[in-house]
Each structure stands twice: as C-alpha cells, then as structure tokens.
Amino acid sequence: MNMKVAYMLGSLNRGGTETLLLDVFKSADKAPYEFIGIHRKSGAYKDDFYQTTPRMLQCAPKRFGLLRYLHRLRKLLKQEGVTIVHAQQSVDCIYASLATIGTDIQVVETFHGYDIEASRAGKLINSLSIRMADAVCFVSNAQKDHYIQQYNIQKCRNKLHVVYNGVDFTKLDCEYPIPEFLTETDSAKAEIYTDHAAQQSGIRLAMVGNFVSVRSQSVICRSIQLLRGQGVTDFDFYFIGRRNEKEPWRYDDCLRFCQENQLNNVHFLGGRADVPAILQNIDGFVYSTDHDTFGIAVVEAMAAGVPVVVNDWVVMQEITQNGEWASLYESNNANDCARAIADFIEHREDRKQQAKLIAPMVRDEYSIERHISRLNEVYKMLK
C-alpha cells in the first residue's frame, strides 16, 4: 500500500512551525511520499499554502460539535486515502487518534516547543497525546530528553524520534539589494527606533528573533553597555524582531535600557521580511536564548556563512556541534557575552573565513531535503 501523509495544522498563521511546514510543502517534489494538508483555522500563510502543489483542506470543529468534527475528519482521511496523520499540536494528535480508531491509519506527532509555560491542563493534553500517538518526534535530542524526564515516558522510548528542523537554503543564495537601514545614516530614514542616529562604523552585528519569552535580548543589551565601558564601541548592533503585544515589556525594557544608557550603536528594526538580505550584509550574528527548542535563525546565519556568537543553552550546543560551528558564551551572563563579542570583533576576519568553511556542513545537516528524508524514515517504521 502506498504511503500518503496528512499534515495537520492548527492554523496557517506565521510562525516557526508553519514556516517549516510551508517549506516542506514547497519542496513536495523532493518527498518520496504523497501528502496533503489539513488545517482547523485560516491565517496569514493561507494563500502561500494553497498555492503549493499538495492539496490543502480545512476541517474545523464547531462549538459543541466535537463528535461531528471527529466524524467529518475520519471521513475526510478515509476519502483521501491517508495512511499516516502527522499532527503538529498535541490537541490535533488527540483528535486524529480518536478519529482513526478502528482504522489502519497511524498517527505521528511533533513537539515543536517546550512545555515550560504550559498549564496543568496543557501538560495533561501533552501526556495524553504522547501515549496515544504511534510515533512522537522532537526537534532536538535535548528537547526529547526533557520530555522523557517531565512525562515519565521511558517505556515509550521505542516510538520517540529526533527529526531536526529543515531550512530551504535557496533563499539565502538569491541576489538582494542592500537593506536601506545599512546604507542610510539618518535614523528616521532607516526606520531605526531609537533617539540616536546610527554610527555606521562598518562592523555590523545582528540578532533575528521576536521579543518573546523564548529569547533573552536583554542579555545582549547589557553586554553592549559593558563593552562601551571598555571602550569597545566600533560596531552597530541591529535587533530584528517584532514587539509582542502580549509581552510588550520585553521589547520596551530593552529599548528603554539602550536609550537611557545612550547606546547609540544599538538599533531596533522591528519585524523584517528581508532577513536573507540582512544576512548577506552583516559581519556577525549574535543570539541569546532562554529555551529555544531548535534555533532556525542561528542555523540560517551559519548556513549563510556568517560567524555566530550564541549562548551555551543545551540546544545551541547541540545544533552547533558543541561550539565547533559557533562561538559559545555562558547563558544569562552579560559579561561573558561581552567577552565573546569583543573576541569576535578582534578576530573577525579569521572568523569570517571559518564561517565560510562551516556553511556547507550546516546546509547538509539542516537542509529541508534532509528533514524530509528523516521524516520518511520515521514513517517507514510504521508501515
């Protein structure tokens, strides 16, 4: 029997999971299996998904209509000839498991995040979904180990797998115009959200990531203040990432800190759609995380041949080959972050050469093709 996979998504909003799945859908011709997409809600990525080759279908539960939804989902899966359902959220894993009772359809789940902020009900749903799924995927070994410890699922080890996220690296190799903020010195023209004009020293460092609890941009801000006290100011730092309306203080506090300490070489650019162009025009990439599960932004920077400085969070150790592919500093330690940045600035030409040699290895390990191949290996175990 031929294998046909149905990827289940909660919504089609912009996010890390949705971006990953969109890259998979755009690379459908590289997959050794047929697949479709099923989503409950719409979102900003709807047109992008529906313009890809695989079919996209919407099937959503209505209020007080869970049993009817499960019936419609079951009917849809059977009509489409689906053999494997791959859920991206625990609730969808439970829905799929219930809808496929008495069938030969297998259910796979991927955990894309940690459960650090999950409620008691959320953790119960996670636990239930792990036990109901036929296979469970994690995006790093560190994340898998965390879930094994938190949910006491040692007996489920045989169905637990690690499938690293994949990136479509072709977008990094296109020719782009230089982003305007790297050519303008007027902060108003450059959309730099500080009260200071850009220094444009020639050394350009950046971090990509929205201001949310997963990350800790404040560590970098403090490190830049420390560098200023040491007389190291010959660089510009760009924060590329949106202000989260649910946690606005994470952005606001960093902005206020830089303004009050007159760190006029730090610039807040908000969300940007031209990250590949930015990576082509910066000298170094600095990242600070609290509990990322993978770190696609870090992988993209390494794959673009940009030297990376990142904290030694266990996941970052894993994806950088224990620091062979990046410079590591102690997590939540602004002094050590400052040391790592200063060390990069001093040896930047050597680091740039090393980064160029590292890039092909990163692309091989974290390509979208390798991601699809790893998924296929998990699926074949279920046949």
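Residues numbered from 1 in each chain as written. Predicted model: local features only at pLDDT ≥ 70, side-chain atom pairs only at ≥ 80, totals over all residues. Heavy atoms only, no water.

J.: Tell me about the confidence of the model for the protein chain, and name the residues and values.
T.: Taken as a whole, the protein chain shows an average pLDDT of 92; of its residues, 95% reach a score of 70 or greater. Note that residues 185–199 has pLDDT below 50 and, in this model, 44 contacts with residues that lie over four places away or in other chains. (pLDDT = per-residue confidence, 0-100. Contact = heavy atoms within 4.5 Å.)

J.: Which residues make up the layout of surface pockets, and what values do they have?
T.: Approximately 210 Å³ is the volume attributed to the second largest pocket. A per-element tally of the lining of the second largest pocket places helix 8 (residues 248–260) first, with five residues. (1 Å grid on protein atoms, 1.4 Å probe; cavity = no way out; pocket = protein on both sides within 12 Å on 5 of 7 lines; lining within 4 Å. Points joined across faces, edges and corners; volume = space filled by probe spheres on them. Helix = DSSP H or I, 4+ residues; strand = E, 2+ residues; numbered from the N terminus.)

J.: Before we move on, can you summarise the sheet that holds strand 12 (residues 308–311) with the specific residues and values?
T.: Pairing within the open sheet is parallel, and its six strands lie in the order 10-9-8-11-12-13. Looking along the sheet, the strands with just one partner apiece sit at the ends: strand 10 (266–270) and strand 13 (327–329). Between one strand axis and the next, the sheet turns by 25° as a mean value, whatever way the strands run. Relative to strand 9 (residues 236–240), helix 7 (residues 217–229) is tilted by about 170°, and along the sheet it contacts strand 8 (204–208), strand 9, strand 10, strand 11 (284–287) and strand 13. Relative to strand 13, helix 12 (residues 334–346) is tilted by about 155°, and along the sheet it contacts strand 8, strand 11, strand 12 and strand 13. (Pairing = 2+ DSSP bridges. Axes fitted to C-alpha atoms, helices over the stretch in contact; angles between N-to-C directions.)

J.: If you had to explain the side chain of Arg272 to someone new, which residues and values would you point to?
T.: Mapping Arg272 onto the fold places it in the loop between strand 10 and helix 9 (275–279). Engagement of the side chain of Arg272 in a polar contact is seen with the side chain of Glu180, the distance being 3.1 Å. At 2.8 Å, the side chain of Arg272 and the side chain of Asp274 are in polar contact. (Polar contact = N/O pair within 3.5 Å; in protein donor to acceptor, adjacent residues only side chain to side chain.)

J.: Report on empty space enclosed by the protein, specifying residues and quantitative values.
T.: If you walk through the whole model with that rule in mind, you get two cavities of 30 Å³ or more. In this structure, the largest cavity occupies an estimated 80 Å³ of space. Around the largest cavity sit 13 residues that line it, and Leu20, Gln88, Thr110, His371 and Leu375 are the ones nearest its centre. Taken together, the elements giving at least two residues each to the lining of the largest cavity come down to helix 1 (16–26) and helix 14 (368–382). Per-element tally for the lining of the largest cavity: the top contributor is helix 1, with three residues. Of the residues belonging to the lining of the largest cavity, the class tally is seven nonpolar, six polar and no charged. If you list the elements that add at least two residues to the lining of the second largest cavity, you get helix 1 and helix 10 (296–303). For the lining of the second largest cavity, the element with the most residues is helix 1, which contributes four residues. A breakdown of the residues in the lining of the second largest cavity according to their chemical character gives three nonpolar, three polar and three charged. (Nonpolar A, V, L, I, M, F, W, Y, C, P; charged D, E, K, R; others polar.)

J.: Requested: an account of the pattern of salt bridges, with residues and values cited.
T.: Tallied over the full model, the rule gives 20 salt bridges. Of the charged contacts in the structure, one is a salt bridge between Glu80 and Arg55, with a shortest N-O distance of 2.6 Å. Of this pair, Glu80 sits in the loop between helix 3 (66–79) and strand 4 (84–87) while Arg55 sits in the loop between helix 2 (46–50) and strand 3 (56–58), and the two are 25 residues apart along the sequence. A salt bridge links Arg272 to Asp274, with the nearest nitrogen and oxygen atoms 2.8 Å apart. According to the relative accessible area criterion, Arg272 is buried, its value standing at 18%. Members of the salt-bridge network, linked through shared partners, are Lys4, Glu34, Arg55 and Glu80. (Salt bridge = Lys/Arg side-chain N within 4 Å of Asp/Glu carboxyl O. Buried < 20%, exposed > 50% of the residue type's maximum accessible area, 1.4 Å probe, protein only.)

J.: Any details on the sheet that holds strand 7 (residues 160–162)? Residues and values, ideally.
T.: Taken in spatial order, the seven strands line up as 3-2-1-4-5-6-7 in an open sheet, and their pairing is parallel. Each having just a single partner strand, strand 3 and strand 7 make up the two edges of the open sheet. Each neighbouring strand pair of the sheet contributes to a mean axis angle of 25°, computed without reference to strand direction. The strands touched by helix 6 (residues 141–151) within the sheet are strand 5 (106–111), strand 6 (135–138) and strand 7, with strand 7 carrying the most contacts at an inclination of about 155°.

J.: Quick one: what's the story with the pairing of strand 1 (residues 4–9), residue by residue and with numbers?
T.: Within strand 1, six of the six residues are buried, which leaves the element mostly enclosed by the surrounding structure. Burial of the side chains of strand 1 extends over both faces: Lys4, Ala6 and Met8 are buried on one face and Val5, Tyr7 and Leu9 on the other. Bridge count between strand 1 and strand 2 (residues 34–39): six bridges; the pairing is parallel. Counterpart to Lys4 in the pairing with strand 2 is Glu34. Once you follow strand 1 into helix 1 and on to strand 2, the crossover reads as right-handed. With four bridges joining them, strand 1 and strand 4 adopt parallel strand pairing. In the strand pairing of strand 4, Ala6 is matched with Val85. (Right-handed = clockwise from strand over helix to strand, strands pointing away.)

J.: Tell me what's going on with the packing of aromatic side chains, and back it up with residues and numbers.
T.: Per the counting criterion, the structure on display carries 25 aromatic pairs. Ring centres 5.5 Å apart and planes at 80° place the aromatic pair Tyr164 and Tyr366 in the edge-to-face group. With a gap of 202 residues between them, Tyr164 in the loop between strand 7 and strand 8 and Tyr366 in the loop between helix 13 (348–365) and helix 14 connect regions that are remote in the sequence. An angle of 85° between the planes, with centres 6.4 Å apart, marks the rings of Trp325 and Tyr366 as edge-to-face. Residue Trp325 is found in the loop between helix 11 (314–319) and strand 13, and its partner Tyr366 is found in the loop between helix 13 and helix 14; the two are separated by 41 residues along the sequence. Trp325 sits in the buried class, given a relative accessible area of 11%. Counting every residue linked through ring pairs, the aromatic cluster contains Tyr7, Phe25, Tyr33, Phe35, Tyr45, Phe49 and Tyr379. (Phe/Tyr/Trp six-rings, centres within 6.5 Å; stacked < 30°, edge-to-face > 60°.)

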